[in-house]
Amino acid sequence: MGVNKVILIGNVGKDPEVRHLDSGVAVASFPLATSETYKNKDGQKVTNTEWHNIVIWRGLAEVAEKYVKKGNPLYIEGKIRTRSWDDKDGNKRYTTEIVADNMQMLGSKQSSEEEASSTPENAAATDIENIPAEGDDLPF
């Protein structure tokens with residue numbers, strides 16, 4: 001018995017690449033950077049960055065396609081998977097990926113946009129736009 005569980009919080013390295021299989025299933029992949037900062041023996045700040053290849057499937061892939069962009073902070077939960085293939089020269093190649101089954105967007109570009117749209121000035125403008133003109137059919 002074993003446990004294969006990964007939890008990462010990091011920043012997206014580039015916009016997700018999304019493919020749709022013949023069956024219509026979406027799969028997205030993108031790099032995620034995690035960083036660790038510490039002081040070395042000389043007291044200098046050192047940052048180590050580790051890059052992780054993230055793969056997500058189906059609905060999560062579609063969410064990533066719409067909303068995940070380079071630089072976004074993300075929370076990823078999943079499992080480690082190593083797969084192999086033969087390259088064009090016949091050499092066996094390997095890659096290790098994180099297959100995510102949970103993804104949450106952190107930070108909040110969207111919430112700051114929502115806050116901007118809920119300011120009193122914008123709310124008033126929206127309310128005025130939604131007032132039916134005389135003679136319009138009312139929904140009640």
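Heads up: the structure comes first, above all this text.
Residues numbered from 1 in each chain as written. Predicted model: local features only at pLDDT ≥ 70, side-chain atom pairs only at ≥ 80, totals over all residues. Heavy atoms only, no water.

For the rest of this paragraph, the subject is the overall build of the protein. Secondary structure assignment for the protein yields 3 helices and 6 strands. When the helices and strands of the protein are listed from N to C terminus, the series reads β-β-β-β-α-β-β-α-α. Looking at the protein as a whole, 24% of its 140 residues qualify as buried. The long-range share in the protein, meaning contacts at least 24 apart out of those at least 6 apart in sequence, stands at 56%. In the structure as shown, the protein presents an accessible area of about 10500 Å², 49% of it carried by carbon and sulfur atoms. (Helix = DSSP H or I, 4+ residues; strand = E, 2+ residues; numbered from the N terminus. Buried < 20%, exposed > 50% of the residue type's maximum accessible area, 1.4 Å probe, protein only. Contact = heavy atoms within 4.5 Å. Areas by Shrake-Rupley, 256 points an atom, 1.4 Å probe, with all protein chains shown as cover.)

For the rest of this paragraph, the subject is the pattern of salt bridges. Tallied over the full model, the rule gives 5 salt bridges. The partner of Glu-17 in a salt bridge is Lys-14, with the nearest N and O atoms 3.0 Å apart. The exposure class of Lys-14 is partly exposed, given its relative accessible area of 40%. Between Glu-97 and Arg-83 there is a salt bridge, with its nearest N and O atoms 2.8 Å apart. One end of the pair, Glu-97, is in strand S6 (residues 92–105); the other, Arg-83, is in strand S5 (residues 73–86), with 14 residues separating them in the sequence. Counted as one network, the salt bridges with shared partners bring together Arg-81, Arg-83 and Glu-97. (Salt bridge = Lys/Arg side-chain N within 4 Å of Asp/Glu carboxyl O.)

Glancing now at the layout of surface pockets. If you add up the space inside the largest pocket, you get close to 300 Å³. As for the largest pocket, its lining consists of 16 residues, and the residues nearest its centre are Ser-29, Ile-54, Val-55, Arg-83 and Glu-97. If you list the elements that add at least two residues to the lining of the largest pocket, you get strand S2 (17–20), strand S3 (26–39), strand S4 (45–57), S5 and S6. With 5 residues, S3 is the largest single contributor of residues to the lining of the largest pocket. Of the residues assigned to the lining of the largest pocket, the class counts are 7 nonpolar, 3 polar and 6 charged. (1 Å grid on protein atoms, 1.4 Å probe; cavity = no way out; pocket = protein on both sides within 12 Å on 5 of 7 lines; lining within 4 Å. Points joined across faces, edges and corners; volume = space filled by probe spheres on them. Nonpolar A, V, L, I, M, F, W, Y, C, P; charged D, E, K, R; others polar.)

Examined against the element boundaries, His-52 turns out to sit in strand S4. Relative accessible area serves as the criterion here: at 15%, His-52 is assigned to the buried category.

Now for the nonpolar core. Counting 17 residues, the largest nonpolar core has Ile-54, Ile-56, Leu-74 and Ile-76 as the members making the most contacts within it. The greatest single-element share of this core, amounting to 4 residues, is contributed by S3. Setting aside its immediate chain neighbours within four residues, Ile-54 contacts Leu-8, Ala-28, Ser-29, Phe-30, Leu-32, Ile-76, Ile-98 and Ala-100. (Core = buried A, V, L, I, M, F, W, Y, C linked by side-chain atoms within 4.5 Å.)

Tracing the backbone shows Thr-95 in strand S6. When neighbours within four sequence positions are excluded, Thr-95 is seen to be in contact with Asn-53, Arg-81, Thr-82, Arg-83 and Trp-85.

The two faces of the sheet receive side chains in turn, since in a regular strand these alternate between them. With 4 bridges joining them, S2 and S3 adopt antiparallel strand pairing. Considered in S3, the bridge of Val-18 is made with Ala-28. Here S2 folds back onto S3 in antiparallel fashion, the turn holding 5 residues, of which Gly-24 has a positive phi close to 95°. (Pairing = 2+ DSSP bridges.)

Moving on, we come to the environment of Leu-8. In this fold, Leu-8 is placed in strand S1 (residues 6–12). Owing to a relative accessible area of 10%, Leu-8 belongs among the buried residues under this scheme. Dropping the residues within four chain positions of it, Leu-8 is found in contact with Leu-32, Thr-34, His-52, Ile-54, Leu-74, Tyr-75, Ile-76 and Ile-98.

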